[in-house]
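Analysis of the macromolecular model
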Amino acid sequence: MLRLDPPVECEIHNAGRSQMAAAWLTRLAGDRVEVRSAGSTHGKEVNPAAVAAMKEVGIDISAEVPKVLTIDAVRESDVCITMGCGDTCPVFPGKRYLDWDLEDPAGQGVEAVRPIRDEIKTLVEGLIAEIAPEPAA
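Residues numbered from 1 in each chain as written. Predicted model: local features only at pLDDT ≥ 70, side-chain atom pairs only at ≥ 80, totals over all residues. Heavy atoms only, no water.

**Let's talk about the overall build of the protein**
Our working definition: Numbered from the N terminus, helices here are DSSP runs of H or I no shorter than four residues, and strands are runs of E no shorter than two. Any residue under 20% of the maximum accessible area for its type is buried, any over 50% is exposed, and the rest in between are partly exposed; the area is computed with a 1.4 Å probe on protein chains only.
The secondary structure content of the protein amounts to four helices and four strands. Going from N to C terminus, the protein has its helices and strands arranged as β-α-β-α-α-β-β-α. Per-residue burial over the protein gives 44% buried out of 137 residues.

**A few points about the environment of Gly-43**
Counting through the fold element by element, Gly-43 comes out in the loop between strand 2 (33-35) and helix 2 (48-56). The class of Gly-43 is buried, set by a relative accessible area of 16%. Sequence spacing of Gly-43 and Val-68 is 25 residues, and the spatial spacing of their C-alpha atoms is 9.1 Å.

**Regarding helix 2**
Going by this rule: Every residue pair with non-hydrogen atoms within 4.5 Å of one another is taken to be in contact. Side-chain atoms alone can form a polar contact between residues adjacent in sequence; in general such a contact is a pair of N or O atoms within 3.5 Å, and within protein one must be able to donate a hydrogen while the other accepts it.
Looking at helix 2, one finds that the buried residues are Ala-49, Ala-50, Val-51, Ala-53 and Met-54. Buried residues along helix 2 sit in contact with helix 1 (17-29) and helix 4 (110-131). One side-chain oxygen at the N-terminal end of helix 2 lies 2.7 Å from the backbone nitrogen of Ala-49; it belongs to Asn-47. Within two residues after helix 2, Gly-58 carries a phi angle of roughly 80°, on the positive side.

**As for the pairing of strand 3 (residues 79-82)**
The cut-off we apply is this: Should DSSP find at least two bridges between two strands, the strands are taken to pair.
Both faces of strand 3 are covered, namely the face carrying Val-79 and Ile-81 and the face carrying Cys-80 and Thr-82. Pairing of strand 3 with strand 4 (residues 96-99) involves four bridges; the strand directions are parallel. Paired with Ile-81 across the strands is Leu-98, a residue of strand 4.

**Comments concerning the packing of helix 1 against helix 4**
In plain terms, the rule: Think of each axis as a best-fit line through the C-alpha atoms, taken over the contacting stretch in the case of a helix, with angles from 0 to 180 degrees between the N-to-C directions. Here roughly perpendicular refers to angles of 65 to 115 degrees, roughly parallel to angles under 35, roughly antiparallel to angles over 145, and oblique to all remaining angles. It is the rotation of the near helix from the far one that decides the hand of a crossing: anticlockwise by less than a right angle makes it left-handed, clockwise makes it right-handed. Any residue that is not Ala, Val, Leu, Ile, Met, Phe, Trp, Tyr, Cys, Pro, Asp, Glu, Lys or Arg is counted as polar, Gly included; the first ten are nonpolar and the last four charged.
Taken N-terminus to C-terminus, the directions of helix 1 and helix 4 make an angle of 45°; their axes are 9 Å apart at the nearest point. On the basis of the axis angle, helix 1 is oblique to helix 4. In the crossing of helix 1 with helix 4, the sense of the turn from one axis to the other is right-handed. Here Arg-17, Met-20, Ala-21, Trp-24, Leu-25, Leu-28 and Ala-29 of helix 1 lie close against helix 4, whose contacting residues are Val-113, Ile-116, Arg-117, Ile-120, Lys-121, Val-124, Glu-125 and Ile-128. In terms of residue class, the contact of helix 1 with helix 4 is built from eleven nonpolar, no polar and four charged.

**Focus on the nonpolar core**
As a reminder, the rule being used: As used in this record, nonpolar core signifies buried Ala, Val, Leu, Ile, Met, Phe, Trp, Tyr and Cys residues forming a set joined through side-chain atoms within 4.5 Å.
The biggest cluster of nonpolar side chains holds 28 residues, and the ones touching the most others in it are Met-20, Met-54, Ile-61, Trp-100, Ile-120 and Val-124. Elements with a minimum of two residues in this core: helix 1, helix 2, strand 3 and helix 4. Ranked by residues supplied to this core, first place goes to helix 4 with seven residues. Counting five residues, the second-largest nonpolar core is a separate cluster that includes Ala-38, Leu-69, Val-74 and Cys-89.

Here's what the structure looks like:
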């Protein structure tokens, strides 16, 4: 099984972008990937605008809680996706690192979060097509 850390997301607070990415990855790839989401620090709650934006597409992330990134999570992952954490994410040889340059939804309303949500979905779809495509029928 491919492990992804939405991905080890070093989205600083693990409260918006990474939570949306993890939810899209889980929804679209199912059991073809193991998804983890964490941040270099953690916020108090998942961004309410991110929760609302995901609810609009039928994905409920309201029960998610921000988590802190651990070195073991990165060590055990094959692909680590960062979103604004800069140099705070640990780097291990042999891991694949992707940096998704996405606007930070912190402090923004749902109207501003929708395009970020949709951009994340597009990035996740591309990642899945590359690393965990749907098996041939």
